[in-house]
Amino acid sequence: MAAVAAETTTGQSEWEVAVPEKPLKEKVYFENLKAQVIDTELCSRCLTCAAVCPALPEGITLTADDKVGFPDYEEKCLDCGACVRVCPRFEYEPKSGLGEYTDFIAGQSKRFKGQDGAMVTELIVSAIEMGLIDRGLFVGRDNRWATNIFHVRDPEQLAITTLGGTKYTFASVLPELKRAVLLTKSGVGVVGTPCIVSGVRKLQQEFPIFREKVKLVVGLFCTENFHHTEISDYLQKKGVDFSKLVKTDITMGKFIATMTNKTVKFKVKALEKILPSGCNVCTDFTAVEADASVGSVGSAAGFSTVAVRNENARRVVEFIKKRGYADFGEGKPEELAFLVGHKKKRAENIPGFQDQEDK
Amino acid sequence: MKKVSVSEQGLVEKAKRHAAAVGVAMKESVTPLTATVFYPRERKKMPDNFRGYLLFDPEKCINCWECAFICPANAIQMKKAPAPNNRFYPTVDYGKCIFCHFCIDSCSGGALRTTKIHDVAYREMGEMLTLTEEMIEPPEIIREDKKSVEYEIEKDDLHLKRTREVDGLFVEPTPPVEIPMVSQCVDRASCLGCRVCEEVCESGAISSSSAEGVLEAEGVLRMKIDIEKCTGCGLCVKECSMQILRLVRRGK
C-alpha cells in the first residue's frame, strides 16, 4: 500500500543516530560518565550533560552535595549516550594559553556598571540591539549570593543590579541554555566560565539546533570557581555579612569582599582548601573556545580586557564602537602570562596526563 | 446652505394620503398587527447557529484548555475532575459569559456545543457559575409555548409569522473536521537517541534498532516512524526533549 506516501518535504520518517562507544560495555552510559568523569574528579560541573539528559523530570542534575549526579540512574537512565557525547571531559583534551584572537582590547562601557568595564553586559546587550540574538542568559543572584539564571531580552531588564558583577559560584547556565534555544527565534547569547564555553561548543558540535541558535558565546577569564555552600560558609567565617555584600573580586592574589560598611580581604591562596576538583584539573584561563573572552587582567583599572576571537564577536565590537557605547584602549596580553602559566601547570593534576606527554 | 421646505402638494394628493392613513388605522383596529412575541406562551424560532446555553460532552474533551485560553471574558475556568480521572474540564460562569462562542469554535474535539436555550434563571450570582457536571445535561425547562414565531420582512414592513409548532431547543453539533496528521522528524541530526518517542507511542508506529547486541555491533541507532501505523496523536511530539518531532499533514 504505497499510496499513503505521507512524505512531505518538511520531515523524515527514518534516521540514524551514531552511538558513542562505551568503555564499560555492560553499564549504562551514565555509569560510564560517572566512572570516567565524576568519580575521577575531572567533572567541572558545567552541567552540559544535564542540559541534554532526556530522562525528564529526574535525569542528570545537581545532587545535595553540589555534585553532578543522577539519583536513580539504574532505573531511570535511558542509556542514550547523550551525556557522554557532550561531556567536554569524557575524552578530555585540555586547552590552555591565550588562544587565537583577532583583537586584544580594553573596554569600558558608558552605559552599564559591572565588575570592571562591564564589557560582558555591553557585548550581550549590543548583540540584542543589533538583532544578532533575541535573548542573553545572565547569571543573577539572590540575597544569599546563590546563583540563578535570567533571560535578558531588553536592556531595561538590567536595572536588576545583581545581573552584573562576578559571583565566583557555579551556575546552572547550560540547562537554561537549552530552554532558551528552544524558545528563541533569532538566537541566544550566553556568558560562562571556560568549562561552560567548552560545554556549549560540544553541544554545537553534536547538535545542529545549538549550532544554529547559539550565536554569541562570551567566555570569562577564570582561575577557579566555587561551590555555593562552601564559599558562603568560608566567607561567613571570615566575617562577610551577605545582607550587606555588594561586590566580590579577586585582584593581585587577594579576595576582596566589599560590603556597604566595610571590606574583607584575604589571600586567594587560602581558598585552595575549597578549590573544586574540576577546577584543579582545568588548564584553560582565557576560555579559548569562546567567541570573545572578557576579564579584568590585562587592562587598566575600570576597564575590561576583551579578546575578540571570531567574526560574530568582531561585528558586535564594531557595533559598540560605531554607536560609541564604550571607551576603548589597548589590551596587554603579556599581563596574562602569569595566570595562563599558573593554570597550565594544573595539567599535572590530570590523571594519566603525564603518560600522554611521555608518548 | 439649503433650506428644507415642505413640498408643494395639490389638494387631490393630500386627500389621497389622508384616506390611506385612515385605511391603515381601520385595518389595525380590526386585525391588529403586533411586533411583540407573547413569551412564554410562544417562542421565537432561533436559527441553528444561535449562540445560547452551552452543553459539554466529557467523552469528546481532549483536555487541550483551548476554550479557557480563548475566552475573552474569562468566564471559563478549568476544574480538575476527581480521581482517578484527574483530567481538567471547563466550567462556565454565566455571570461573565458574553456568548461569543469562541469556545465552541476553538473546541477541536467537538465537546462543547450550542443550544437554543436563552432563558435560564438564577436566584443568586453564585449559581451562575455552572460546574462541568451541570453542563452535561440541559437545565430543567418548563415549556408553556404552543406556537413559534418568526419575523418576516415583506414590502419594507416587518411581519410576525406564527406557526403551530414547538421549536426544538437542541441542535446536532457539526462533527469536527479531522485533518490527518503524521509525526515526522524535522532535525534528524539533533536526535539524542533516547527512544522516549518509541516508548510513549501507543500505536507501535515508532521503532528502533535497539535490540540486544545489534546496537553495539552496528554503532548506530536506526529510528523509524511507520507512517501507516502512526495515528497522528502527537504524544511523541510532546515528549521529545529536543523538540525535533512535528505533526505534519498527511500527503494524499
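Residues numbered from 1 in each chain as written. Chains lettered and ligands numbered in written order. Predicted model: local features only at pLDDT ≥ 70, side-chain atom pairs only at ≥ 80, totals over all residues. Heavy atoms only, no water.

**Details of the pairing of strand β8 (residues 214–220) of chain A**
Remember that side chains alternate between the two faces of the sheet whenever the strand is regular.
All names here are of chain A.
Right, on to step 1. Across the 7 residues that make up β8, a large majority, 5, are buried.
Right, on to step 2. In this structure, strand β7 (residues 188–192) lies alongside β8, joined through 5 bridges in parallel fashion. Within the sheet, the bridge partner assigned to Gly192 lies in β8 and is Gly219.
Right, on to step 3. The sheet contact formed by β8 and strand β12 (residues 292–295) spans 3 bridges and is parallel. Residue pairing across strands places Val218 opposite Ala292, the latter belonging to β12. (Buried < 20%, exposed > 50% of the residue type's maximum accessible area, 1.4 Å probe, protein only. Helix = DSSP H or I, 4+ residues; strand = E, 2+ residues; numbered from the N terminus. Pairing = 2+ DSSP bridges.)

**A few points about the interface of chain B and chain A**
Accessible area lost on assembly of the parts is the figure often given for the size of an interface.
Right, on to step 1. Facing the 34 residues of chain B at the interface are 32 residues of chain A.
Right, on to step 2. Across the chain B/chain A interface, buried area totals approximately 3000 Å², and carbon plus sulfur atoms make up 58% of it.
Right, on to step 3. There are 1 salt bridge connecting chain B and chain A.
Right, on to step 4. Across the salt bridge formed by B:Arg222 and A:Glu16, the nearest N and O atoms sit 3.4 Å from each other.
Right, on to step 5. Summed over the shared surface of chain B and chain A, the number is 8 residue pairs in polar contact (both at pLDDT 80 or more).
Right, on to step 6. Of all elements in the fold, only β9 (181–185), α5 (196–200), β11 (220–225) and β12 (245–249) of chain B reach the threshold of two or more residues within the side of chain B that touches chain A.
Right, on to step 7. Here the element with the most residues in the side of chain B that touches chain A is β11(B); it accounts for 6 residues.
Right, on to step 8. Taken together, the residues that form the side of chain B that touches chain A break down as 17 nonpolar, 7 polar and 10 charged. (Contact = heavy atoms within 4.5 Å. Buried area = accessible area lost by both parts, 1.4 Å probe. Salt bridge = Lys/Arg side-chain N within 4 Å of Asp/Glu carboxyl O. Polar contact = N/O pair within 3.5 Å; in protein donor to acceptor, adjacent residues only side chain to side chain. Nonpolar A, V, L, I, M, F, W, Y, C, P; charged D, E, K, R; others polar.)

**Let's talk about the confidence of the model for chain B**
Should pLDDT be low for a region, the predicted coordinates there are not to be read in detail.
Right, on to step 1. Here chain B averages 89 in pLDDT, while 98% of its residues score no lower than 70.
Right, on to step 2. This complex was scored by the predictor with a pTM of 0.75 and an ipTM of 0.81. (pLDDT = per-residue confidence, 0-100.)

**Notes on the pattern of salt bridges**
Right, on to step 1. As enumerated under the stated definition, the model contains 27 salt bridges over all chains in all.
Right, on to step 2. With a closest N to O distance of 4.0 Å, B:Arg43 and B:Asp145 form a salt bridge. Of this pair, B:Arg43 sits in strand β1 (residues 42–44) while B:Asp145 sits in the loop between α4 (132–136) and β7 (147–154), placing them 102 residues apart in sequence.
Right, on to step 3. Since its relative accessible area comes to 6%, B:Arg43 is described here as buried.
Right, on to step 4. For B:Asp145, a relative accessible area of 5% corresponds to the buried category.
Right, on to step 5. Here the residues in one salt-bridge network are A:Arg111, A:Glu122, A:Glu129 and A:Arg323, joined through shared partners.

**A short note on the sheet that holds strand β3 (residues 76–80) of chain B**
Each strand in a sheet pairs with another by means of backbone hydrogen bonds, the pair being arranged parallel or else antiparallel.
Residues and elements named next belong to chain B.
Right, on to step 1. Within the open sheet, the 3 strands sit side by side as β3-β4-β6. Their pairing is antiparallel. Among the strands making up the open sheet, the edge pair consists of β3 and β6 (129–130).
Right, on to step 2. Where β3 meets strand β4 (residues 88–93), 5 bridges bridge the pair, whose relative direction is antiparallel. Residue pairing in the sheet places Gln77 in a bridge with Thr91 of β4.

**Thoughts on the confidence of the model for chain A**
Right, on to step 1. Taken as a whole, chain A shows an average pLDDT of 86; of its residues, 95% reach a score of 70 or greater.
Right, on to step 2. Within chain A, the element-level pLDDT minimum falls on helix α13 (residues 353–358) of chain A, averaging 54, and the maximum on β8(A), averaging 94.

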